[in-house]
Amino acid sequence: LDFDYLAFVPAAAAPSVGKFSSIKLSGANISIEWTGGGTLQEAAEVTGPWADVAGATSPRSVTVSGNRKFYRLKQ
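The structure reproduced in this document is the subject of the present report. A quick note: this is a predicted structure, and the numbers were derived from the prediction, not measured.

So, the side chain of serine 22
With respect to the helices and strands, serine 22 occurs in strand 1 (residues 19-26). What makes serine 22 buried here is its relative accessible area of 16%.

What to know about the pattern of salt bridges
Should the charged atoms of two oppositely charged side chains come close, the side chains can pair. On inspection of all chains with the given rule, the structure shows three salt bridges. Glutamate 42 is the salt-bridge partner of lysine 69, the closest N and O atoms lying 3.8 Å from each other. Within this pair, whereas lysine 69 is found in the loop between strand 5 (60-63) and strand 6 (70-74), its partner glutamate 42 is found in strand 3 (residues 39-43), the two being separated by 27 residues in sequence. The exposure class assigned to lysine 69 is partly exposed, which follows from its relative accessible area of 43%. A salt bridge links arginine 68 to glutamate 45; the shortest N-O distance between them is 2.7 Å. Separated by 23 residues along the polypeptide, arginine 68 in the loop between strand 5 and strand 6 and glutamate 45 in the loop between strand 3 and strand 4 (51-52) bring together distant segments of the chain.

Calculation rules
Residues numbered from 1 in each chain as written. Predicted model: local features only at pLDDT ≥ 70, side-chain atom pairs only at ≥ 80, totals over all residues. Heavy atoms only, no water. Helix = DSSP H or I, 4+ residues; strand = E, 2+ residues; numbered from the N terminus. Buried < 20%, exposed > 50% of the residue type's maximum accessible area, 1.4 Å probe, protein only. Salt bridge = Lys/Arg side-chain N within 4 Å of Asp/Glu carboxyl O.

Okay, here's the thing in structure tokens:
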């Protein structure tokens, strides 16, 4: 075996893990911020079904309404 070659092969980069960094209420809006990537998803129930929020970037402003919403980051 050619162990010299194996010693110089760089390790694969770790995947980017998304993490919520801030959730703030401002008037009738909630601002959701996250770092590290991931796709923002929302659902009417915590058990789902979950759907991607199209075009969501951090920070994301959400208008507070009478209906509850749950949010998560999908890796």
